[in-house]
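Coordinate inspection notes
Take a look at the letters that make up each chain.
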Amino acid sequence: MLFAAHGYAAVGLEQVAEAAGVTRGAVYHHFDSKRGLFAAVLAAVHAEAGESVAAAADQVWDSDPWEGFEAGCRAFLEFSLSADVRRIMLLDGPAIAGWAAWRDDDAAASGHHLVEALEELTQLDLLDAPSIPAAGALLSGAMNEAVLWVASHPTHEYRRALDQAWSTLRILLSALRATGR
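Residues numbered from 1 in each chain as written. Predicted model: local features only at pLDDT ≥ 70, side-chain atom pairs only at ≥ 80, totals over all residues. Heavy atoms only, no water.

Points about the packing of helix 5 (residues 65–80) against helix 7 (residues 99–123)
Working note: a packed helix pair is described by the angle between its axes plus the distance between those axes. Put simply, the test is: Every axis corresponds to a line fitted to the C-alpha atoms, with the helix fit spanning only the stretch in contact, and the corresponding angles, defined between N-to-C directions, vary from 0 to 180 degrees. Per the convention used, a helix needs a DSSP run of H or I reaching at least four residues, while a strand needs a run of E reaching at least two, with both numbered from the N terminus. For classification, angles of less than 35 degrees are called roughly parallel, those exceeding 145 degrees roughly antiparallel, those between 65 and 115 degrees roughly perpendicular, and all remaining angles oblique. Whether a crossing is left-handed or right-handed is set by the direction in which the near helix is turned from the far one by less than a right angle, anticlockwise for left-handed and clockwise for right-handed. Any two residues whose heavy atoms approach within 4.5 Å at even a single point are treated as in contact. Here the nonpolar group is Ala, Val, Leu, Ile, Met, Phe, Trp, Tyr, Cys and Pro; Asp, Glu, Lys and Arg are the charged ones; every other residue, Gly included, is treated as polar.
Closest axis-to-axis distance for the helix 5/helix 7 pair is 10 Å, and the angle between their directions is 165 degrees. With respect to each other, helix 5 and helix 7 are oriented roughly antiparallel. Crossing angle aside, the handedness with which helix 5 passes helix 7 is left-handed. Judged by residue contacts, P65, W66, F69 and F76 of helix 5 engage D106, S110, L114, A117, L118 and L121 from helix 7. Within the contact of helix 5 with helix 7, the residues separate by chemical class into eight nonpolar, one polar and one charged.

Overview of the UniProt feature "domain: HTH tetR-type" (unreviewed entry) in the chain
As a reminder, the rule being used: UniProt positions are given in the numbering used here, feature names are shortened, and annotations may be inferred rather than shown by experiment.
Following the UniProt record, one finds the feature "domain: HTH tetR-type" (unreviewed entry) at residues 1–49. Helix makes up 73% of residues 1–49 and strand makes up 0%, while its end C-alpha atoms are separated by 16 Å.

Overview of the pattern of salt bridges
We count it as follows: For salt bridges, the criterion is a side-chain nitrogen of Lys or Arg within 4 Å of an Asp or Glu carboxyl oxygen.
Going through the model one piece at a time under the given rule, you end up with six salt bridges. Note that E78 and R159 form a salt bridge whose closest N and O atoms lie 3.1 Å from each other. In this pair, E78 sits in helix 5 while R159 sits in helix 9 (residues 158–176), placing the two residues 81 residues apart along the sequence. Via salt bridges that share partners, R74, E78, R159 and D163 belong to a single interconnected network.

Focus: the environment of A55
Filter applied, for reference: Categorising residues by exposure relies on relative accessible area from a 1.4 Å probe, with only protein chains included: less than 20% of the type maximum marks a residue as buried, more than 50% marks it as exposed, and the intermediate range marks it as partly exposed.
Inspection of the secondary structure puts A55 in helix 4 (residues 34–61). In this structure A55 comes out as partly exposed when scored by relative accessible area, which is 40%. Put simply, A55 and E18 are 37 residues apart on the chain and 34 Å apart in space, counted from C-alpha to C-alpha.

Here it is, written out as structure tokens:
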């Protein structure tokens, strides 16, 4: 993907058309601008993040819903830090699409799965949160800030920073776990 490899600013629609094997006019037929194309790419990356979160949670949910919840949260951190995703979703995404659009994409994808998991944990008496929407917003914000924090480190320090972020996030998550479980 050109945006992932070179960044939004360095990619022209001519390059996109050439890489796709179509004319520039064909690109404009589907997207009104380079920004519109990027917005579609960003939405797709957010959707992939959501799918990654759901898949990780689903692998363990039936045997232990809390572990499934944590697995989904960890999957979000891991997915968001791959080189291609990091460039599109964390570096260029908020700057090009704007924070409101970025947050809408995030809420529709992984944020949706987060709230869904919180609701299910509440029904199972595993979560002690006075407000699911507030808990979802706070946890989403914490995880988004965590990946931005990890991404601010040099690449060779990602694993250490990710482990630090994850161990801290688990403490935050455990504070929401219903006592006696």
